[in-house]
Amino acid sequence: MKHKITFLLSLLSFTFIQAQTFSGSTGIINDNGQNIDFTTTVSGLTSNQLNASLGIVQVCLKITHTYDSDLNVSLIAPDGTTINLFSGIGGGDDNFTNTCLNQSASISINSGSAPFTGSFNPQESLGNCNNNQNGNGVWTLRIVDAAAQDEGYLVDWTITFGNNAAVPFVLTSSNLPIVIINTGGVPILDDPAINATMGIIYNGEGNVNTTLDTPNNYNGNISIEYRGAYSQSLPQKPYKIETLDANDLPQDVAILGMPEEHDWVLIANYNDKVFMRNKLAYQLFNEMGNYATRNQYCEVVINGRYQGIYLFMESIKRDNNRVDIAKLETTEISGINVTGGYIIKNDYWDGSNSWLLNYHPIDHPELDVRLVYDYPKPDVITTEQQTYIQSFINDFETALYSPNFSDPVNGYSKYIDTDSFIDYFIVNELARNNDGFKKSSYFHKDKDSPTAISKLKAGPVWDFDWAWKNIPGCSIFDSTNGSGWAHRINDCGPDVNSPGWYVRLMQDPTFQNKLRCRWDNFRATILSNSSITNYIDTNASLLNEAQIRHFEKWGNLGVNSGTPEIEADPATFEEQITKFKNWISTRIAWLDSNIPGIGNNCNLATQNLSKKQGISIYPNPAKAFFSIQSNDENLLFPMQIKIIDMQGRVLKVVDYRQENALIYTNGFQKGTYCIQVDSNGKKLFSKLIIE
């Protein structure tokens, strides 16, 4: 039962010279999560161009709704410019009554309370619409009711044009790489992808990048479309990108120090106000010795409009430099050839892209579970290949649920790489990841050798937007004392059922002991409080300049937006970082006390689990630049990098502060060089070829 409180507030009015106001259509706001558009046609403006002299200055609306924070409300201009007026505000209170969004208001809509009577700054500036476009045309008020049960009604809404209007923010420089995308005015869609161009400006670590610089990291054709499910409904959109050649065919390129490929993603950070939830998880999984998607921070401009901080990332796919498994051709349908490689996942499914498992989760026998074909893709994988991977998973589950499931020869360990399953478990449980065991859960299997079965491996880890925080709605995730097992997600009635394999694995004392040993080993190294704190502080320092622009763009700092949280949202970036670190510290303390197993004979339990020591250089041979990735968990940033010629002369010394940062080769002759890395009292060497 909601308690309705009526506030009697006087409406603060603003006077605009030559003001012109237009009213829009009204109607029902359904709670189906779809875009609901209400329009008004603007004509007869005294100027054809919207700018400071004449621009949009105010949007007023009246909405009846019994759960305000369900609503995401945006304004779309005739040229497609979209402004997030507000989203996720008001909690469970009711209505927006005579609510006006105006850049001249003295307080933000984030600081208001239902029914928000009065004038407020919108979450995103109205000035972004005053971009010299022609204001005459169709304007749209788009409302999305993101949750079920409560519907509403748009009673009325108006837009007002006047003088002294706000103008768009224009990005000029950044210490982060700048990604500039131009679609030629064509709207980006969920599907299909559209053609566009992309330029990336990055002048190297510690150097300033400006939008006037010539793109020097990539400058060419791409295709682009929206990606994601829930994340696509948020104001800052995530994107899938494919790099193309002059004939619009896929072209492998090395971007921001990452190995050559043509499939990439731009991950938005609207739902992650520390910008590290994904990045930290990928870093830890990688440091444990597993592949995790490489990534780089950047600031993005699309069609001249600033979009904030993103992670430019590799997508999960089969590739020698990504998920390194055998390529499986459609002709490979029998014998050893059909045994790999495969990538499968626990995710949203339909009848054409998945199959139904023969077993039910051991703790929830009433639930059906389906797994999705990811590689080969559902429209490519052959019937014989489907049969093979289905049979392999069925054999694994048969062993897992047998009375002798812990048998080291014929039990579950015959089919799965236990070490990778343990690392996957640790990262997702550390983050108490809401999605890691049911919706964004990947597994992969390589081709068998003539003498041995290639076992199923867990990972790569993926999608931590809803992790590292306290989320209401289920006791697993809402506790503030760090407690709760994320792998028991089926207890929460998830949108996608989990196979629940870890529930059974955790019944095996041998698995428990390996897990305990692995946890204790990492607690002394990469999972020490000091190591994690150092990683967070390093990235926070890197982002300190750009985060100001990001939050001015999206306006959601200090309001629970995106994923709901138990606690109030911190009002500053510094407080967000402090909250993040405190949450991790609390979670680690709980896991220290609750991870089962006995930490004896850990040298045996953890042998061969550590990463191979060394460094990797991409690309190599290099042309304009290269980057370095550490394969040694004992190497710490910052590092000192020395470029040495074959005569032993040190030609360049670089303080290397961030993995995958770029080192430029301008001034160097073609030839072979030695790269020396000095870190934490260790020296490592590798060969570099400059073409």
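No experiment lies behind these values; they were computed from the predicted model shown.

1. Brief notes about the confidence of the model for the chain
Thinking step 1. Taken residue by residue, the chain gives an average pLDDT of 91. The fraction at 70 or more is 94%.
Thinking step 2. In this model, residues 1–16 is a region of pLDDT below 50 whose contacts with residues beyond four sequence positions or in other chains number 28 contacts.
Thinking step 3. In the predicted structure, residues 604–613 sits below a pLDDT of 50 and forms 20 contacts with residues beyond four places in sequence or in another chain.

2. Here's the deal with the packing of helix α7 (residues 529–543) against helix α9 (residues 573–594)
Thinking step 1. The contact between α7 and α9 brings their axes to 11 Å, and the two run at 160°. Considering the angle they form, α7 stands roughly antiparallel to α9. Along this stretch, α7 crosses α9, giving a crossing that reads as right-handed. Contacts from Asn-529, Ile-532, Thr-533, Ile-536, Asp-537, Ala-540 and Leu-543 in α7 reach Phe-573, Ile-577, Phe-580, Lys-581, Ile-584, Ser-585 and Ile-588 in α9.
Thinking step 2. Residue classes in the contact of α7 with α9 are distributed as nine nonpolar, three polar and two charged.

3. Describing the sheet that holds strand β28 (residues 625–630)
Whenever strands of a sheet pair, they do so through backbone hydrogen bonds, lying parallel or antiparallel.
Thinking step 1. Strand order in the open sheet formed by three strands is β27-β28-β31, and the pairing between neighbours is antiparallel. Since the sheet does not close on itself, it has two edges, and those belong to β27 (615–618) and β31 (662–664), each with one partner. Across the sheet, the axes of successive neighbouring strands diverge by a mean angle of 30°, strand direction being ignored.

4. Focus on the sheet that holds strand β23 (residues 354–356)
Thinking step 1. Spatial strand order, β23-β24-β22-β25-β26: five strands in an open sheet with antiparallel pairing. Looking along the sheet, the strands with just one partner apiece sit at the ends: β23 and β26 (457–458).

5. Regarding the packing of aromatic side chains
Thinking step 1. Under the criterion given, the structure shown has 36 aromatic pairs.
Thinking step 2. Residues Tyr-424 and Phe-437 carry aromatic rings whose centres are separated by 6.1 Å and whose planes lie at 85° to one another, so their mutual orientation is edge-to-face. With Tyr-424 in helix α3 (residues 418–430) and Phe-437 in the loop between α3 and β25 (441–445), this residue pair connects regions lying 13 residues apart in the sequence. Like Tyr-424, the residue Phe-437 is buried in the burial classification.
Thinking step 3. Each ring, one from Phe-425 and one from Tyr-502, has its centre 5.3 Å from the other, and the planes form 40°; the classification is tilted. Taken together, the residues Phe-425 in helix α3 and Tyr-502 in helix α5 (residues 501–505) connect sequence positions 77 residues apart.
Thinking step 4. A residue is classified by how much of its surface remains accessible, and Phe-425, at 1% relative accessible area, is buried.
Thinking step 5. In textbook terms, an aromatic cluster arises when at least three aromatic residues are bridged by ring pairs, as seen for Phe-396, Phe-421, Tyr-424, Phe-425, Phe-437, Phe-443, Trp-485, Trp-501, Tyr-502, Phe-511 and Trp-590.

6. Points about the pairing of β25
Thinking step 1. Among the five residues in β25, five count as buried, and that is most of the element.
Thinking step 2. For strand β22 (residues 342–346) and β25, the ladder comprises five bridges, and the chain directions are antiparallel. Note that in β25 the partner of Asn-346 across the bridge is Ser-441.
Thinking step 3. Sheet topology note: the β25/β26 ladder contains two bridges and is antiparallel. What sits directly across from His-444, in β26, is Lys-457.

7. Focus on the pairing of strand β13 (residues 194–201)
The two faces of a sheet get side chains in turn, since along a regular strand they alternate between them.
Thinking step 1. Extensive coverage of β13 is indicated by the burial of six of its eight residues.
Thinking step 2. When strand β12 (residues 178–182) meets β13, the two strands line up antiparallel, connected through five bridges. Counterpart to Asn-182 in the pairing with β13 is Thr-197.
Thinking step 3. As paired elements, β13 and strand β15 (residues 218–226) share seven bridges and run antiparallel to each other. By the bridge assignment, Gly-199 is partnered in β15 with Asn-219.

8. Quick look at helix α2 (residues 383–400)
Thinking step 1. Between the first and last C-alpha of α2 there are 26 Å, a value that for 18 residues agrees with the 26 Å anticipated at 1.5 Å per step.
Thinking step 2. Buried residues in α2 make contact with β22, β23, β24 (370–375), β25 and α5.

9. A closer look at the nonpolar core
Thinking step 1. Counting residues in hydrophobic clusters, the biggest one holds 97 residues, and the most contacted among them are Trp-468, Trp-501 and Leu-527.
Thinking step 2. Among the elements that take part in this core, α9 stands out by supplying eight residues, more than any other.
Thinking step 3. Residues in contact with Trp-501, not counting those within four places in the same chain, are Leu-371, Ile-393, Phe-396, Glu-397, Leu-400, Tyr-401, Phe-421, Phe-443 and Leu-456.
Thinking step 4. Tyr-239, Ala-661, Val-677 and Leu-688 belong to the second-largest nonpolar core, a separate cluster that totals 47 residues.

Procedures and definitions
- Counting of residues starts from 1 at the beginning of each chain's written sequence and follows it residue by residue.
- Side-chain atom pairs in this predicted model are given and counted only at pLDDT of 80 or more, local residue features only at pLDDT of at least 70, and totals for whole chains, interfaces and linings cover all residues.
- Think of the side-chain values as coming from all heavy atoms in the structure, minus any hydrogens and water.
- Along the chain, pLDDT gives the predictor's confidence residue by residue, from 0 to 100.
- A contact between two residues is defined here by any heavy atoms of the two lying within 4.5 Å.
- Think of each axis as a best-fit line through the C-alpha atoms, taken over the contacting stretch in the case of a helix, with angles from 0 to 180 degrees between the N-to-C directions.
- Runs of E in the DSSP output that reach at least two residues are strands. Runs of H or I that reach at least four are helices, and both are numbered from the N terminus.
- Under this scheme an angle from 65 to 115 degrees is roughly perpendicular, one under 35 degrees roughly parallel, and one over 145 degrees roughly antiparallel; angles in between are oblique.
- Helix crossings are classified by the rotation of the near helix relative to the far one: an anticlockwise turn of less than a right angle makes the crossing left-handed, while a clockwise turn makes it right-handed.
- In this classification, Asp, Glu, Lys and Arg are treated as charged, Ala, Val, Leu, Ile, Met, Phe, Trp, Tyr, Cys and Pro as nonpolar, and every other residue, Gly included, as polar.
- Here a strand pair is declared whenever DSSP counts at least two bridges between the two strands.
- Each aromatic pair joins two rings of Phe, Tyr and Trp (for Trp, the six-membered one) with centres within 6.5 Å, and gets the label stacked for planes under 30 degrees apart, edge-to-face for over 60, and tilted for any other angle.
- Burial classification: accessible surface area is computed with a 1.4 Å probe over protein chains only, and a residue below 20% of its type maximum counts as buried, one above 50% as exposed, and the rest as partly exposed.
- A helix is expected to span 1.5 Å multiplied by its residue count minus one.
- We call a set of buried Ala, Val, Leu, Ile, Met, Phe, Trp, Tyr and Cys residues a nonpolar core when their side-chain atoms join them within 4.5 Å.

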